[in-house]
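Results of the structural survey
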Amino acid sequence: MKSLVDFATTVSFLNAPVLALIHHLILFGKEIPKEQRPKPWMNLLSWFGILFLFGFSIYYINITFL
């Protein structure tokens with residue numbers, strides 16, 4: 001049971017920043033009209049969140065596997 005929980009946790013931590021990046025690229029891409037895109041401060045907040053998720057994923061891998 002412990003190995004299943006470890007696997008699910010690892011997949012979640014590695015999947016979250018990738019999904020956040022894909023979501024950001026879609027939301028701020030050229031397919032969305034400029035008047036429907038979020039404000040510039042939301043773009044900055046999104047990038048900080050993505051960097052935080054990538055950093056926390058690296059930290060999790062470091063404390064779990066290395």
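Remember, predicted model here, so these are calculated numbers, not experimental data.

Once that is clear, we can look at helix α1 (residues 2-27). Taking 1.5 Å as the rise per residue, α1 with 26 residues should run 38 Å; its terminal C-alpha atoms sit 37 Å apart, in good agreement. Taking the largest bend as the criterion, α1 deviates by roughly 30°, centred on Asn-15, and proline Pro-17 comes between one and four positions later. Taken together, the buried residues of α1 touch α2 (40-65).

Mapped onto this numbering, the UniProt entry annotates "transmembrane region" (unreviewed entry) at residues 12-29 and 41-61. Taken end to end, residues 12-29 comprises 89% helix and 0% strand; its first and last C-alpha atoms sit 25 Å apart. In this annotation, residues 41-61 is assigned 100% helix and 0% strand; the end-to-end C-alpha distance for the span is 30 Å.

Looking now at the pattern of salt bridges. Applying the stated criterion to the full structure yields 1 salt bridge. Where Asp-6 meets Lys-2, a salt bridge forms, and the shortest distance between an N and an O atom there is 2.8 Å. Remark: Lys-2 and Asp-6 occur in helix α1; sequence separation between them is 4 residues, near one turn of the helix. Relative accessible area serves as the criterion here: at 61%, Lys-2 is assigned to the exposed category.

Analysis parameters
- Residues numbered from 1 in each chain as written.
- Predicted model: local features only at pLDDT ≥ 70, side-chain atom pairs only at ≥ 80, totals over all residues.
- Heavy atoms only, no water.
- Helix = DSSP H or I, 4+ residues; strand = E, 2+ residues; numbered from the N terminus.
- Expected span 1.5 Å × (residues − 1).
- Bend = angle between axes of the 7 residues up to and from the residue.
- Contact = heavy atoms within 4.5 Å.
- UniProt positions renumbered as here; feature names shortened; annotations may be inferred.
- Salt bridge = Lys/Arg side-chain N within 4 Å of Asp/Glu carboxyl O.
- Buried < 20%, exposed > 50% of the residue type's maximum accessible area, 1.4 Å probe, protein only.

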